[in-house]
Protein chains: 2
Amino acid sequence: MVQKKSEVLMDLSLRRSIFFPSAEIYGDSFSGFWDYGAYGTAIKNRIIESWRKDLVEKEGFVEIDGCQILPEKVFVASGHLNNFNDPLVQCNKCHSLHRADSLLGKEFELTEGTPIERFDELIKENKVVCPKCKGILGKTKKFNLMMGTDIGGTGKLKGYLRPETCQNIFLDFDRIYKTMRKNLPLGIAQTGKCFRNEIAPRNSILRIREITQMEIEVFFNPNKINETENFEEIENFKLRVLLEGKKSTEEIKAKDLVSKKIVSGKLIAYYLSRLQLFYENLGIPRDKLRFREVGKEERAFYAKEGWDFEVETSLGWIELVANNYRTDYDLKNHSKVSSKNLKVKEETEFIPHVWEISAGVDRTLYVLLELALREETKKEEKRLFLSLSPKIAPFVAGVFPLVKKEGLGEKAKEIFNELLAHKLPVFFDVKGSIGKRYARIDEIGIPFALTVDFDSVKDETITIRERDSTEQKRIPIKNLAELLWKLSVGKTTFKEL
Amino acid sequence: MVQKKSEVLMDLSLRRSIFFPSAEIYGDSFSGFWDYGAYGTAIKNRIIESWRKDLVEKEGFVEIDGCQILPEKVFVASGHLNNFNDPLVQCNKCHSLHRADSLLGKEFELTEGTPIERFDELIKENKVVCPKCKGILGKTKKFNLMMGTDIGGTGKLKGYLRPETCQNIFLDFDRIYKTMRKNLPLGIAQTGKCFRNEIAPRNSILRIREITQMEIEVFFNPNKINETENFEEIENFKLRVLLEGKKSTEEIKAKDLVSKKIVSGKLIAYYLSRLQLFYENLGIPRDKLRFREVGKEERAFYAKEGWDFEVETSLGWIELVANNYRTDYDLKNHSKVSSKNLKVKEETEFIPHVWEISAGVDRTLYVLLELALREETKKEEKRLFLSLSPKIAPFVAGVFPLVKKEGLGEKAKEIFNELLAHKLPVFFDVKGSIGKRYARIDEIGIPFALTVDFDSVKDETITIRERDSTEQKRIPIKNLAELLWKLSVGKTTFKEL
């Protein structure tokens, strides 16, 4: 039987500690929490660095780093205290907990707006029972997904772990806008953890309770939604979209999304294009990605227009990024509850509208790994490797002395330190045969191996081996940092060496 | 009246949004939570990158990224559920909360080990009243500083936000040790948030409830504490230490700390030296730093030997890094409570000992900014600037077109994108006169300005201006990335250009 890609990845991940259950020595009572080992942490950091460079810095956006615990009033204003619920149902017999919408399945078209009583009707009509013990299910309740905690010693100050990273951005907008001397459109970005008390966490790092997001909120003047400065750069870029009610993905040019009024304006087509380009750049093939139009019933309570950026995996289409037109919903409500004026004055006075680009780092990592997974058999030898782009591989290269002795260890360490000083993510290994070292870095997706041998100390050259082709070439040590940098950003290829 | 440095920094920080109170539009009921704006975030990230390069990657250590919420059992084993308390006292009249040890002051030599009844005795004997309203104080209570939350829908699963980043490292040690094929000594590092429910947060980002740490736990064989591989590299390095009971700091060579048995072995002297070197490298002058020996009474409940790395500021000596010899305390207790064997087998079978290097990122940032603060008057013009090292400045350089028109904007953007592609942290600004732009980057500590003027488009040269001297030089655009990289790592200086 052929193993599913998701299972091969899980095996690999546990064997090499890419990601694994948190606090696993205490068993699995505490599901939905995952830790990242050395390679997972490195990949995660490199995804975030790529995002920072391509989607934040290049666009002239501002990155902040705000607190994860926020006062209750924030979530009164944001609507999360009232609306951020899942329908929870408990088995009367075995007391296990389930999400009522998951039990009922997709055929009933249940959405965030479905009234709670409707779940009980459907459960009754369709004779749905507990999937664990066939017991009768109790009444459906609204279960708020935020995790609360007490602040200070009085027991009277309630805080919540933010369920999305964007709230700090709304809270800090006024100050950042004023002190950074920026005009609209102004993008404010943030990466960090957020927390959702999922009823049924599942699929390893795909549905978890402690999530890393990378988020951008673009504040803009709604009257200028069609005055996007660099629109011509992407106007002919083809976006892959699945329109509401359609069965298949189409390719539509950015400018046509606008002229056909499929999106609310140029600004939206612009950022959707930038996002697709970013993910294509990280190595996701075009035919595996799409923007799915999110219909009115299914949209989050704050969204006027929504596009889920999804990627196809062995587990189906996975949502990596929620793109939402949040209008002035957030600033208006924070202004109301806090009694602070959050308007800006540019020609007229108004509350800015918000375009949100909210990406999940964990899911991005999962999808990139699964799509990069390769199994091949050459000369009867089986090889498993991750064909990750040099942009997000845990390291760009492994530096290997053939042996530790006769100065090879020192020479290799010297090269390693020089590459590190150039901010190149490199990896040093001296343990085991060179063949085994190659096999190990193949498995964790390091694209190049640099081997220091006896000739290296004589003629100042080393061997560079490419992961995917397993081909080797001899190159000079001089200018290695520059060469490796070019390989890592795609300015040159192994073939061209 | 001369303003205190801490006040000048606070003014600057609020004016330029370096750091500021979290959720400030909702007022100040929720103290001890601070957000970082664009410059603060950039400096924080650059401090972490320096730490990763110098103390983690160069040492061959492994970095992980674990969950912030951990199950209750973890803190039963770690001892935090029982021992991580502060003495809390409430005023009977105005109901304000205070730390009993802070009210009593330093003269009583109160420590973590002081019994709770002793506080009531001392408060009575010394007639201590509420500092706010002079009311009578109630009985002292133990107040646990961990923040708890419920996980899942049952209300029966209790989790806690980790009060220190090290617990994931202990929980994951066994898996990392086995899957990464490393031998002891093995360092495992982690950076991220931890949470402490301080009774009285104060001094802006120095005593806060949501803290960013960068932490290393070095696992080693206690019988080999004097077999440290690269000890000779630092054996003559002079550490600045304040020994217990002494009034002044001494300089003692690493090898003498060992031979005089001031530390438990070479391994400890080695990592203390590396740490001091790291902070000197970030720009802290030698005479402002020290390792303070932490006496038995004052040490955390898990520590056999402790050295607080402290820096002198306008607010006194601030602890930046706790260095603790945690012995086998943590692994032994986790092994006991989880029933998992956490021994390693290298020659014999044993539980590794742990040397901890636990650094606060927020405090490091604060101290670096305060020490970098300069006010000078030249030709009757007052200038405020942050003399930050290029290693941790929010950006290495600002790229400024003299004007936006006549191709200067495009030329500058081209240079900016090329530098970004080389992973150089650069900053683009086109707004306001060039003098104002210089003044702004001086204030946030950007060491260099690169100005693109009308000659630049003709002869491919630009002006580079140094922040501290305000001197300017003309340099070619060719090889700018390499030059800026050399300036940023200290391989060349402005004077040498």
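The structure displayed is predicted, hence computed values, not measured ones.

Draft legend 1. Focus on the domain arrangement of chain A. Residues and elements named next belong to chain A. As far as domains go, chain A holds domain 1 (5–84 + 146–370), domain 2 (85–143) and domain 3 (395–496). The centre of domain 1, based on its C-alpha atoms, is set 29 Å off from the matching centre of domain 2. Across the boundary between the two partners, domain 1 contributes 12 residues, which contact 11 residues of domain 2. Carbon and sulfur atoms make up 49% of the surface buried where domain 1 meets domain 2, a total of about 880 Å² over both sides.

Draft legend 2. Expanded view of the relation of the copies chain B and chain A. When chain B is fitted to chain A, the residual RMSD is 0.0 Å, and the transformation amounts to a turn of 180° plus an axial shift of 0.0 Å. The operation mapping one copy onto its partner corresponds to a two-fold rotation axis. No C-alpha of chain B lies nearer the rotation axis than that of Thr149(B), which sits 2.7 Å from it. A share of 99% of interface residues in chain B that are also interface residues in chain A marks the association as one of identical surfaces.

Draft legend 3. Spatial organisation of the interface of chain B and chain A. Taken together, the contacts link 91 residues of chain B with 90 residues of chain A. Carbon and sulfur atoms supply 55% of the area buried between chain B and chain A, which totals about 8,000 Å² over both sides. The largest share of the area that chain B buries against chain A comes from Ile25(B), Tyr26(B) and Arg181(B), three residues that together contribute 11% of it. Here chain B is connected to chain A by 8 salt bridges. Linking Lys491(B) and Glu418(A) is a salt bridge whose minimum nitrogen-to-oxygen distance equals 3.7 Å. Scanning the region where chain B abuts chain A turns up 38 residue pairs in polar contact (both at pLDDT 80 or more). At 9 residues, helix α2 (residues 38–57) of chain B tops the list of elements feeding residues into the side of chain B that touches chain A. Looking at the side of chain B that touches chain A, its residues break down into 38 nonpolar, 22 polar and 31 charged.

Draft legend 4. Summary view of the sheet that holds strand β5 (residues 85–90) of chain A. Residue and element names in this part refer to chain A. With respect to topology, 3 strands assemble into an open sheet ordered β6-β5-β7, the strand pairing being antiparallel. Strands at the two margins of the open sheet, each flanked by one partner only, are β6 (97–99) and β7 (141–144). Strand-to-strand, the axes of this sheet are offset by a mean angle of 50°, without reference to chain direction. Taken together, the 3 bridges between β5 and β6 define a ladder with antiparallel strand orientation. Bridging across to β6, Val 89 finds its partner in His 98.

Draft legend 5. Region of interest: the sheet that holds strand β9 (residues 157–161) of chain A. Residue and element names in this part refer to chain A. Taken in spatial order, the 3 strands line up as β4-β9-β8 in an open sheet, and their pairing is antiparallel. The sheet terminates laterally at β4 (69–71) and β8 (148–151), the two strands that pair on one side only. With direction set aside, neighbouring strand axes in the sheet form an average angle of 45°. Pairing geometry for β4 and β9, over 3 bridges, is antiparallel. Considered in β9, the bridge of Ile 69 is made with Leu 161.

Draft legend 6. The arrangement of unusual backbone geometry in detail. Looking along the chain, the bond that leaves Leu184(A) and enters Pro185(A) is cis, with omega of -5°. By the element assignment, Pro185(A) lies in the loop between α7 (166–179) and β10 (186–195). A positive phi angle, near 50°, is found at Lys127(B), a position not held by glycine. Within the secondary structure layout, Lys127(B) lies in the loop between α6 (116–125) and β7 (141–144).

Draft legend 7. Geometry of the pattern of salt bridges. Per the stated rule, a full pass over the model turns up 80 salt bridges over all chains. The partner of Arg383(A) in a salt bridge is Asp442(A), and the shortest N-O contact between them spans 2.8 Å. Here Arg383(A), found in strand β21 (residues 381–386), pairs with Asp442(A), found in helix α14 (residues 434–443); they are 59 residues apart in sequence, far enough to count as distant. Residues Arg383(A) and Asp442(A) agree in their burial class; the two are buried. Among the ionic pairs, Arg118(B) bridges to Glu121(B), the shortest N-O distance being 3.0 Å. One end of the pair is Arg118(B) and the other is Glu121(B), both in helix α6 and 3 residues apart, which spans about a single turn.

Draft legend 8. Focus on the packing of aromatic side chains. Residue and element names in this part refer to chain B. Scanning the model with the defined rule gives 36 aromatic pairs over all chains in all. Taken together, a centroid distance of 6.1 Å and an interplanar angle of 70° make the contact between Phe 19 and Trp 34 edge-to-face. Of this pair, Phe 19 sits in strand β1 (residues 19–21) while Trp 34 sits in strand β2 (residues 34–36); the two residues are 15 residues apart in sequence, bridging distant segments of the chain. Judged by its relative accessible area of 0%, Phe 19 falls in the buried class. Consider the rings of Tyr 270 and Tyr 271, whose centres lie 4.9 Å apart with planes at 85°: the pair is edge-to-face. When sorted by exposure, Tyr 270 lands in the same class as Tyr 271, which is buried.

The rules behind each value
Residues numbered from 1 in each chain as written. Chains lettered and ligands numbered in written order. Predicted model: local features only at pLDDT ≥ 70, side-chain atom pairs only at ≥ 80, totals over all residues. Heavy atoms only, no water. Domains from an automatic or database assignment. Contact = heavy atoms within 4.5 Å. Buried area = accessible area lost by both parts, 1.4 Å probe. Least-squares fit on C-alpha atoms with pLDDT ≥ 70 in both. Salt bridge = Lys/Arg side-chain N within 4 Å of Asp/Glu carboxyl O. Polar contact = N/O pair within 3.5 Å; in protein donor to acceptor, adjacent residues only side chain to side chain. Helix = DSSP H or I, 4+ residues; strand = E, 2+ residues; numbered from the N terminus. Nonpolar A, V, L, I, M, F, W, Y, C, P; charged D, E, K, R; others polar. Pairing = 2+ DSSP bridges. Axes fitted to C-alpha atoms, helices over the stretch in contact; angles between N-to-C directions. Buried < 20%, exposed > 50% of the residue type's maximum accessible area, 1.4 Å probe, protein only. Phe/Tyr/Trp six-rings, centres within 6.5 Å; stacked < 30°, edge-to-face > 60°.

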